[in-house]
Amino acid sequence: MSTNPTTSPTRTESEANVDAERLEELVHQVVGDVGAAMTVPLALIGDRLGLFTELAKGGSMNAEQLAERTGLVERYVREWLLAMATAGYVTYDTGSDGSPDPALARYRMSPEQAEAFTDPESPAYVAGAFQNLTAATRIIDRLTEAFRTGQGVGWHEHHEDLFLGTERFFRPSYLANLTSTWIPALPGIEDKLRAGARVADVGCGLGASTIIMATEYPKSTFVGIDYHAPSIVLAQHRAADAGVTDRVTFRTAGAADLDGTFDLITFFDCLHDMPDPLAALRAARSALAEDGAVMLVEPMSWDSVEETLNPLGRLLAGASVWICLPSGLSDEPAYGLGNQAGPARTCALGREAGFGVAREAVATDFNRVYEFRL
């Protein structure tokens, strides 16, 4: 069997084209990436078992002490602490014990680690990402096949951790920005909400965004809709816990199923997941009051590949392949928008849906917020 040298370089020729230093850098990067991939599900285990929380409360302690506090097996806790320390998620307490024995090593959480991993009210809270992204990878076999068939995987077909983790992941940003920055960026809308307006929250999930708005604007009424019935059940319970059920209604419905006229219609990190985002926006346009607005909150995205080549782009593009694109291809017309549509395409979609105004109103480090008006 011969090899055509014009199309398949020999081993020697191939080696001659390799930059040894760059190859070494790439291998080291993969080692780091695989280590990070190992860390995320282990961090989720720590979150589930209360290890981060107990360590944050208890101060410097060794594995035996943390195991006693949490009712867990010391040997597993010891190895988990070591793994988290190598990732920088907990702090090895070098000053408390000079023994080299790992069984006696003591660990603690810095104030920054405690806030990021244990405080759900902080805008820096990241524990939801562990739950969300670990759940997403459970579809790896189906996603592999989808590359061959082009079929999608519906949002509702994921593990329940994806729904819970998504709320935990996005809620801190909503708490920090929704009523303080995003809504005020839409001219006249905050005044309407304070006076008493009717709001629809499309793709509301577990209701975090709806409840935040209802709490801030007590004279307005809110309807949250989502096609995923288990999420709606949880949203109803959370509205009851928040004491806003007199002004908030949640119901299971599709994105195009809007009943009545609304002063504000919101889409929080969901339009790009929909198989037919254009129909959803057209339905919103039909249900929008003449001087109302659609607020579309989307993950940060860019209009070119070059702009996307950054750490956040890496995270979001990966999440799009695991979650957003399969969802967008899961039903007809299988638009497959993905979370990296970019502002130009997103605004063009708004204009295609019939909006006279389609603009980016404001942005944070992680989100772009769009305003669509008649």
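Computed from a prediction, not measured in an experiment: that's the story for all the values here. (Residues numbered from 1 in each chain as written. Predicted model: local features only at pLDDT ≥ 70, side-chain atom pairs only at ≥ 80, totals over all residues. Heavy atoms only, no water.)

### Here's the deal with the overall build of the protein chain
So, point 1. For the protein chain, the helix and strand inventory stands at 16 helices and 10 strands.
So, point 2. C-alpha extents for the protein chain along the principal axes are approximately 70 × 65 × 30 Å.
So, point 3. The 374 residues of the protein chain split such that 46% are buried.
So, point 4. Taking as baseline every contact in the protein chain between residues at least 6 positions apart, the subset at least 24 positions apart corresponds to 67%.
So, point 5. Summed over all atoms, the accessible surface of the protein chain reaches about 18500 Å², with 54% contributed by carbon and sulfur. (Helix = DSSP H or I, 4+ residues; strand = E, 2+ residues; numbered from the N terminus. Buried < 20%, exposed > 50% of the residue type's maximum accessible area, 1.4 Å probe, protein only. Contact = heavy atoms within 4.5 Å. Areas by Shrake-Rupley, 256 points an atom, 1.4 Å probe, with all protein chains shown as cover.)

### What to know about the sheet that holds strand E1 (residues 61-62)
So, point 1. Pairing is antiparallel across the open sheet formed by three strands, whose spatial order is E1-E3-E2. A single partner strand is all that each edge strand has here, and the edge strands are E1 and strand E2 (91-92).
So, point 2. Pairing of E1 with strand E3 (residues 106-108), which is carried by two bridges, proceeds in the antiparallel orientation. Paired with Met61 across the strands is Tyr107, a residue of E3. (Pairing = 2+ DSSP bridges.)

### Looking at the pairing of strand E7 (residues 262-268)
A regular strand places its side chains on the two faces of the sheet in alternate fashion.
So, point 1. Counting buried positions over the seven residues of E7 gives seven, a clear majority of the element.
So, point 2. Pairing analysis gives four bridges linking strand E4 (residues 198-202) to E7, with the strands arranged parallel. When the sheet's bridge partners are listed, Val202 is paired in E7 with Phe267.
So, point 3. Once you follow E7 into helix H13 (residues 277-287) and on to strand E8 (residues 288-299), the crossover reads as right-handed. (Right-handed = clockwise from strand over helix to strand, strands pointing away.)

### Looking at the packing of aromatic side chains
So, point 1. Counted under the stated rule, the structure contains 12 aromatic pairs.
So, point 2. Note on Phe52 and Phe117: the rings are 5.0 Å apart at their centroids and 35 degrees apart in plane angle, and the pair reads as tilted. Here the residue Phe52 occupies a position in helix H3 (residues 51-58), and Phe117 occupies one in helix H6 (residues 111-118), the gap between them amounting to 65 residues.
So, point 3. Since its relative accessible area comes to 8%, Phe117 is described here as buried. (Phe/Tyr/Trp six-rings, centres within 6.5 Å; stacked < 30°, edge-to-face > 60°.)

### Concerning unusual backbone geometry
So, point 1. Here the bond from Glu332 into Pro333 is cis, since omega is 5 degrees, no more than 30 degrees from zero.
So, point 2. With respect to the helices and strands, Pro333 occurs in the loop between helix H15 (311-328) and helix H16 (342-352).
So, point 3. In this model, Asp269 sits at a positive phi of 50 degrees, which is unusual for a non-glycine residue.
So, point 4. Within the secondary structure, Asp269 is located in the loop between E7 and H13.
So, point 5. With a relative accessible area of 7%, Asp269 lands in the buried category.

### Concerning the nonpolar core
Considering soluble globular proteins, one finds that nonpolar side chains tend to be buried as a cluster.
So, point 1. Counting residues in each nonpolar core, the largest one holds 31 residues, and the members touching the most others are Leu178, Trp182 and Met295.
So, point 2. The set of elements that each furnish at least two residues to this core consists of helix H9 (160-182), helix H10 (189-195), helix H11 (208-216), helix H12 (229-242), strand E6 (248-252), E7 and E8.
So, point 3. With 29 residues, the next largest nonpolar core counts Met274, Leu337, Ala358 and Tyr370 among its residues. (Core = buried A, V, L, I, M, F, W, Y, C linked by side-chain atoms within 4.5 Å.)

### Quick word on the sheet that holds strand E9 (residues 357-363)
So, point 1. Across the sheet, which stays open at both edges, the seven strands sit in the order E6-E5-E4-E7-E8-E10-E9 with mixed pairing between neighbours. Strands at the two margins of the open sheet, each flanked by one partner only, are E6 and E9. Neighbour-to-neighbour, the strand axes of the sheet open up by a mean angle of 20 degrees, direction not taken into account.
So, point 2. Across six bridges, E7 lies against E8 in parallel orientation. Across the sheet, the residue bridging to Phe262 is Leu288, located in E8.
So, point 3. Against the sheet, H12 contacts strand E5 (221-226) and E6, and its axis sits at roughly 165 degrees relative to E6. (Axes fitted to C-alpha atoms, helices over the stretch in contact; angles between N-to-C directions.)

### Some details on the packing of H3 against helix H5 (residues 74-87)
So, point 1. Two elements in contact, H3 and H5, have axes whose closest approach is 12 Å; the angle formed by their N-to-C orientations is 80 degrees. Between H3 and H5, the angle is such that the two are roughly perpendicular. Of H5, the residues touching H3 (which contributes Leu51, Phe52 and Leu55) are Val77, Trp80, Leu81 and Met84.
So, point 2. When the residues that make up the contact of H3 with H5 are grouped by side-chain class, the tally is seven nonpolar, no polar and no charged. (Parallel < 35°, antiparallel > 145°, perpendicular 65-115°, else oblique. Nonpolar A, V, L, I, M, F, W, Y, C, P; charged D, E, K, R; others polar.)

### Examining the packing of helix H7 (residues 127-136) against H9
So, point 1. At a minimum axis distance of 7 Å, the contact between H7 and H9 shows a crossing angle of 150 degrees. Taken together, the axes of H7 and H9 lie roughly antiparallel to each other. Between H7 and H9 lies a crossing whose hand is left-handed. Facing Ala127, Gly128, Ala129, Gln131, Asn132, Ala135 and Ala136 of H7, the residues of H9 in contact are Asp161, Leu162, Leu164, Gly165, Thr166, Arg168 and Phe169.
So, point 2. Taken together, the residues of the contact of H7 with H9 break down into seven nonpolar, five polar and two charged. (Left-handed = near helix turned anticlockwise from the far one by under 90°.)

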